Amino acid sequence: MLTRLLFTLCFLLICMMMFTSCEYDIIEFEKVDPTVEIKFSNDIMPIFNNKCNVSGCHTVGHGVIDLTAANAYNQLNAKNFIDLDYPAESRLYKILVNVGSSHTGRSTPAEQDLILQWIKQGAKNN
Amino acid sequence: MKRFILFIAVFVIFYYFSNAQEEVKTEETTVTDVKDKPVKSPFETSVLIDFPTTVIPSKGSFQLLIHHRFGTINNGISDIYGIYAPSNIKMTFDYSLFDFLQVGFSSEKNNKIQEIHGKLNVLTQTRSGSIPVSVSLYSMAGIGARSEDFYGKTYKFINRLSLFEQLIISRKFSERLSLLTGASWSHYNAVSYDKGEKHDHVGIHVGGRCKIWSENSFIFEYTYPFKIVPSEELNPPKPGFSAGLEFGTSTHGFQVFASNYQELNPVQNISRTQSDFFKGDILLGFNITIRF
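If you're wondering where the values come from, they're calculated on a predicted model, not measured in any experiment.

**Topic: the overall build of chain B**
Check the secondary structure of chain B and you find two helices and 13 strands. Counting the 292 residues in chain B, one finds 42% classified as buried. Sequence separation of 24 or more characterises 56% of the internal contacts of chain B that already satisfy a separation of 6 or more.

The following block contains the structure:
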């Protein structure tokens, strides 16, 4: 019983040390300049190539949407992944940023912002 | 003849008292044993579904836990209700230093959080009822192992740290029913105010196990998150609810369940969950516990 009491005290001490060593920092990300035109082929497609249309995921015949270079743009529109009226409500953006979605943590905040800006600029096939 | 009767009488009396003494001894021993013995398996494993129970395997036990969470069931048959959707997985390795102290390490896939954790049983419920509940302290520190891009332009290593402390109180009411409750504190060292995130949250936990037949049980868990500092929150976290079935053997525990928690890290689940179980944001999952 004495051993348990000693360990309890040590455990509480460690908890207190962790509690007092907390920091309260703010994460701020680089924002994409909204005046700079985002290009689908140069800015968005590389994200799909690196993160999405890899083996077994969003390729031809796999996944809910095909994000290979030949089909990505058409599929995004045909499957309603883009909402030009409410860009932040677009399925493409929400699935990347919403905590609890199956794609959380797969893209960086910079990539997410790039996609949001591209949709805000009209989601052009440029 | 008188001597013979006297001998028989003395023998019977001696035999009676000697037996009676043994019975008293046995009763004393039983009472002492029952008094000191902790209740047997109030929960099958050291994890109920997402959060820990008060169970710690015996000293020297090594334990491997595999937590697996499929995708949301919302896409229907196209991905077999999330089974073929992108999933999350966590591997946990635990070792019991004492019967009342367990330490471990976990690695999670989605957010690449590497956890070290410890659980200590302050009190253990006894069969005699002299201690009516089990009380445990659980402490976890997590380090996010994703690239620096996720931690903003003023990156510091300490920004990767998240902490989770929990007090768990459980009681085995009968062979069939065990319930637990608890309170927890979750902390992120760095959060994005643009996304409406908060550093600290408090969680209230309720959970339980009800045996249906043999070692097979119905299990459930409910967690309600609170902010520590009252303020407007852009995306306040939603409560978590999970329910399922548990199948146990002496060395294995298998839990299959439905939950609205996608993440497998307690801080992430309490602070950032936006899915609502009762609005259909449900994911299937399973845990496998292997004890060595």
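**A closer look at the overall build of chain A**
Check the secondary structure of chain A and you find five helices and one strand. Shown N-terminal to C-terminal, the secondary structure of chain A runs as helices and strands in the order α-β-α-α-α-α. Whereas a compact globule of 126 residues would reach a radius of gyration of roughly 14 Å, chain A reaches 22 Å, over 25% beyond that. Across its three principal axes, chain A shows a C-alpha extent of roughly 70 × 35 × 25 Å. Taking all 126 residues of chain A together, 22% fall into the buried category. Taking the contacts inside chain A whose residues are at least 6 apart along the sequence as the reference set, 52% of them involve residues at least 24 apart.

**Looking at the sheet that holds strand 9 (residues 200-213) of chain B**
Read once around its circumference, the closed barrel built from 12 strands follows the order 1-2-3-4-5-6-7-9-10-11-12-13 (chain B), with strand pairing classed as antiparallel. Adjacent strand axes in the sheet meet at a mean angle of 20°, parallel and antiparallel pairs treated alike. The sheet contact formed by strand 3 (residues 101-108) of chain B and strand 4 (residues 113-123) of chain B spans seven bridges and is antiparallel. In the strand pairing of strand 4 of chain B, phenylalanine 105 of chain B is matched with isoleucine 116 of chain B. Along the sheet, helix 1 (residues 2-20) of chain A contacts strand 3, strand 4, strand 5 (134-144) and strand 6 (161-172) of chain B; its crossing angle with strand 5 of chain B, the most-contacted strand, is approximately 35°.

**Quick word on the confidence of the model for chain B**
Residues and elements named next belong to chain B. Confidence along chain B averages 84 in pLDDT terms, with 87% of residues attaining 70 or more. Between residues 4-8, whose pLDDT stays under 50, and residues either more than four places distant or in other chains, the model counts zero contacts. Low pLDDT, under 50, characterises residues 10-29; the predicted model gives this stretch zero contacts beyond four residues in sequence or across chains. Per the prediction output, this complex has pTM 0.81; the corresponding ipTM is 0.72.

**Description of unusual backbone geometry**
Of note in the backbone geometry, asparagine 80 of chain A takes a positive phi value of approximately 55° without being a glycine. By the element assignment, asparagine 80 of chain A lies in the loop between helix 3 (72-78) and helix 4 (91-97). For isoleucine 80 of chain B, which is not glycine, the phi torsion reads 50° and is therefore positive. For isoleucine 80 of chain B, the position within the fold is in the loop between strand 1 (62-72) and strand 2 (88-98). Accessibility expressed as a C-beta count within 10 Å gives 14 for isoleucine 80 of chain B, which makes it partly exposed.

**A short note on the pairing of strand 13 (residues 283-291) of chain B**
Residue and element names in this part refer to chain B. Relative to strand 13, strand 1 runs antiparallel, the two sharing eight bridges. Each residue of the ladder has a partner; that of leucine 64, found in strand 13, is isoleucine 290. Looking at chain direction, strand 12 (residues 252-259) and strand 13 are connected through eight bridges and run antiparallel. Across the sheet, the residue bridging to histidine 252 is isoleucine 290, located in strand 13.

**Let's talk about the nonpolar core**
If you look at the biggest cluster of nonpolar residues, it comprises 28 residues, and the most contacted ones within it are Leu48 and Ala190 of chain B. Sequence-distant contacts of leucine 48 of chain B, defined by excluding residues within four places in its chain, comprise Phe43, Thr53, Gly207, Ile219 and Glu221 of chain B. Ranked by size, the runner-up nonpolar core spans 16 residues in total, among them Leu67, Ala72, Phe81 and Trp118 of chain A.

About the criteria used
Residues numbered from 1 in each chain as written. Chains lettered and ligands numbered in written order. Predicted model: local features only at pLDDT ≥ 70, side-chain atom pairs only at ≥ 80, totals over all residues. Helix = DSSP H or I, 4+ residues; strand = E, 2+ residues; numbered from the N terminus. Buried ≥ 20, exposed ≤ 12 C-beta atoms within 10 Å, placed from the backbone. Contact = placed C-beta atoms within 7 Å. Rg over C-alpha atoms; globule rule 2.2 N^0.38 Å. Pairing = 2+ DSSP bridges. Axes fitted to C-alpha atoms, helices over the stretch in contact; angles between N-to-C directions. pLDDT = per-residue confidence, 0-100. Core = buried A, V, L, I, M, F, W, Y, C linked by C-beta atoms within 7 Å.

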